[in-house]
Amino acid sequence: MQLSNEEEDYNLSLSKFESMLKTNKVLFFDSEEFEEIILHYLDMGKAALAKKALKLALEQHPKSTGLKLVQVEMLVYDDKLELAEKLLNELYAIEPTNEEIYIQKANICSKRDQHEKAVEMLKIALQYTDDYADVYNLIGMEYLFMDNLEMAKESFIKCLEEDLEDQSALYNVVYCFEFLDQNQEAIAYLNKYIDQNPYSEIAWHQLGRLHYGVKEYENAIRAFDYATLIDDEFLGAFMEKAKAYERLKKYAEAIESYSRTIELDDATSYALLRMGKCYEKLGNKVLALKYFNKTVHEDPLLDKGWIAITDFYVRQKNYQKALFFVNKALAIDNQNRLYWKRFATINKQMNFFEEAELGYRKAVEFGDYGLDTWLFWVDILQFLGEFESAIQTLLQASEYFPEENEVEYRLAGLYFMIGQNTKAKFHLSNALRLNFDNYILLEDLFPVVWTKKMVQNYIAKYKK
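Just so we're clear, the structure is a prediction, and the values are computed from it rather than from any experiment. (Residues numbered from 1 in each chain as written. Predicted model: local features only at pLDDT ≥ 70, side-chain atom pairs only at ≥ 80, totals over all residues. Heavy atoms only, no water.)

Q: Go over the overall build of the chain with me, naming the residues and quoting the values.
A: Along the backbone of the chain there are 28 helices and zero strands. Computed over its C-alpha atoms, the radius of gyration of the chain comes to 34 Å, more than 25% above the 23 Å expected for a compact globule of 464 residues. Each principal axis of the C-alpha atoms in the chain carries an extent, and together these give about 105 × 50 × 50 Å. The contacts of the chain with a sequence gap of at least 6 include a subset with a gap of at least 24, amounting to 48%. Counting only carbon and sulfur atoms, one obtains 49% of the accessible surface of the chain, whose full area is about 25,000 Å². (Helix = DSSP H or I, 4+ residues; strand = E, 2+ residues; numbered from the N terminus. Rg over C-alpha atoms; globule rule 2.2 N^0.38 Å. Contact = heavy atoms within 4.5 Å. Areas by Shrake-Rupley, 256 points an atom, 1.4 Å probe, with all protein chains shown as cover.)

Structure below.
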């Protein structure tokens, strides 16, 4: 790639300065060269070299306003705000129409969390600047700091009116629309923007994201297609397009897009995992398992990869292998309630009831308060003969489900089992009130209780 004359001069100045530092010779640079050298080092995070360059610059050009403004920037960078402010006031007395003075004043205000005052300074800068886009962008950032997303959005839009190519402003304006929950307005704005700048792959990508967010998947794919036509190495657009194809159940097309992301960059565990799931949806179990295995090979600490293999084997009813892989996932994240529930379900299928009980207990402990989890846990406890624990668990469950007939029927059955008939009748009465027809639960879960004449009479009496 050929460098422009400006870039060549810039690189030459930089090389000349670094050569000077090595040889300890003092060479002459004009003030603008020094400004570029200093700002380069600041951008690179090399503050010591930036300070060295500034010291030499001010020795050679002690009256340069531009260099003094760079000095202000460095003082602000070092949080020496009072010194920076003093120097700015001196510069203001000499050049009151220099927009950079107001921009740096705004910078100081912003550092002090005086964002409204910073906006005032930047509005004055607008009166003197030629670079309106930059100032509008800075105003937008100040409004973001104030959580005034509406005004921030307006400022970024003005910035883009001045400079259509300002990508950071484009990202920020979309962020504001999304934060304000104005997705349709954002789509309308981006369509207008694209009319003016049709070859902006960023705009097409953002438009696709917004369509995806409102479940307009066909439109999303169309937008991502344009983004990838403009930039055929736009990895993010290929990834998002694949996700949209998945939503439309177009799994072959999704695989093609995920494959493209792997061609463009090193394989990501996410893409490999999604490809495995797509192959499984297409009924290709061999390739599905191959990609699940690739996922965990690529990232052995990705618990979702191990869980994908677990679920694959559960669907094949190969519980032995499923148990092996769910344990791999739990070794990575042993506080995940969904993993513990899978562990419990698999062990239950294999008739490992004590392990299943542990799984359901851990699932609830880590926040799974779903009714089915409570009931599975209780039924296992009952099967293990731990009636008192089962009752205590059901009483906990009743705090979340105070009017649930399945909880009440089980409490009735368990209290009958341990001979506490008064409590049993109380819960049976509740259960019959909530759902009379479900009394069949007693026969299914507590056949010994069901045969009791007292229970039959109570149900018959309630029926009348």
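That was the structure; now back to the text.
Q: Describe the pattern of salt bridges, listing the residues and the values that go with them.
A: In this structure the tally under the stated criterion is 16 salt bridges. Among the ionic pairs, R274 bridges to E246, the shortest N-O distance being 2.7 Å. Taken as a pair, R274 in helix α16 (residues 269–281) and E246 in helix α14 (residues 235–247) lie far apart in primary sequence, 28 residues in all. Under the relative-accessibility criterion, E246 is labelled buried at 14%. Between K362 and E365 there is a salt bridge; the shortest N-O distance is 4.0 Å. (Salt bridge = Lys/Arg side-chain N within 4 Å of Asp/Glu carboxyl O. Buried < 20%, exposed > 50% of the residue type's maximum accessible area, 1.4 Å probe, protein only.)

Q: Could you give an account of a nonpolar patch on the surface, naming the residues involved and the relevant values?
A: On the surface, Y199, Y226, L229 and I230 cluster together into a nonpolar patch covering about 460 Å² of accessible area. On the secondary structure map, Y199 appears in the loop between α11 (183–196) and α12 (201–213). The exposure class assigned to Y199 is exposed, which follows from its relative accessible area of 67%. (Patch = residues over 30% accessible without salt bridge, like charges linked within 9 Å, V, L, I, M, F, W, Y side chains within 5 Å.)

Q: Let's hear about the packing of helix α8 (residues 132–145) against helix α10 (residues 167–179): which residues, and what values?
A: For the pair α8 and α10, the least separation of the axes is 11 Å and the interaxial angle reads 35 degrees. Taken as a pair, α8 and α10 cross one another with a handedness that is left-handed. Here N137, M141 and L144 of α8 come into contact with α10, specifically with S168, A169, N172, Y175 and C176. Taken together, the residues of the contact of α8 with α10 break down into five nonpolar, three polar and no charged. (Axes fitted to C-alpha atoms, helices over the stretch in contact; angles between N-to-C directions. Left-handed = near helix turned anticlockwise from the far one by under 90°. Nonpolar A, V, L, I, M, F, W, Y, C, P; charged D, E, K, R; others polar.)

Q: Tell me what's going on with the packing of α14 against α16, and back it up with residues and numbers.
A: One way to put it is that α14 packs onto α16 with a least axis distance of 12 Å and a crossing angle of 25 degrees. Between α14 and α16, the angle is such that the two are roughly parallel. Read as a crossing pair, α14 and α16 show a hand that is left-handed. Note on element contacts: α16 touches α14 through Y270, A271, R274 and C278, opposite M239, K243 and E246. Its residues placed into classes, the contact of α14 with α16 shows four nonpolar, no polar and three charged. (Parallel < 35°, antiparallel > 145°, perpendicular 65-115°, else oblique.)

Q: Requested: an account of unusual backbone geometry, with residues and values cited.
A: Notably, D147 is not glycine yet its phi reads approximately 60 degrees, a positive angle. Here D147 lies in the loop between α8 and α9 (149–162). Classification of D147 by relative accessible area gives exposed; the value is 62%. Here D181, not a glycine, exhibits a phi torsion of approximately 60 degrees, which is positive. Inspection of the secondary structure puts D181 in the loop between α10 and α11. Assessed through its relative accessible area of 65%, D181 is described here as exposed.

Q: Give me the lowdown on α16, citing residues and values where you can.
A: Along its 13 residues, α16 runs 18 Å from first to last C-alpha, staying within 8% of the 18 Å computed at 1.5 Å per residue. Along α16, the positions that sit buried rather than exposed are S269, A271, L272, L273, M275, G276, C278, Y279 and E280. At its buried positions, α16 is contacted by α14, α15 (251–264), α17 (285–298) and α18 (303–315). (Expected span 1.5 Å × (residues − 1).)

Q: With reference to specific residues and values, describe the environment of G419.
A: Its location among the elements puts G419 in the loop between α24 (405–417) and α25 (421–434). We classify G419 as exposed; its relative accessible area is 52%. Spatially, the C-alpha atom of G419 lies 17 Å from that of E443, the residues being 24 residues apart in sequence.

Q: Residues and numbers for the packing of aromatic side chains, please.
A: Both the distance between ring centres and the angle between the ring planes are used here to describe each pair of aromatic rings. This structure, assessed with the given rule, holds 21 aromatic pairs. With 4.4 Å between their ring centres and 25 degrees between their planes, W204 and Y226 make a pair best called stacked. One end of the pair, W204, is in helix α12; the other, Y226, is in helix α13 (residues 217–230), and 22 residues separate them in sequence. According to the relative accessible area criterion, W204 is buried, its value standing at 8%. Under the relative-accessibility criterion, Y226 is labelled partly exposed at 34%. (Phe/Tyr/Trp six-rings, centres within 6.5 Å; stacked < 30°, edge-to-face > 60°.)

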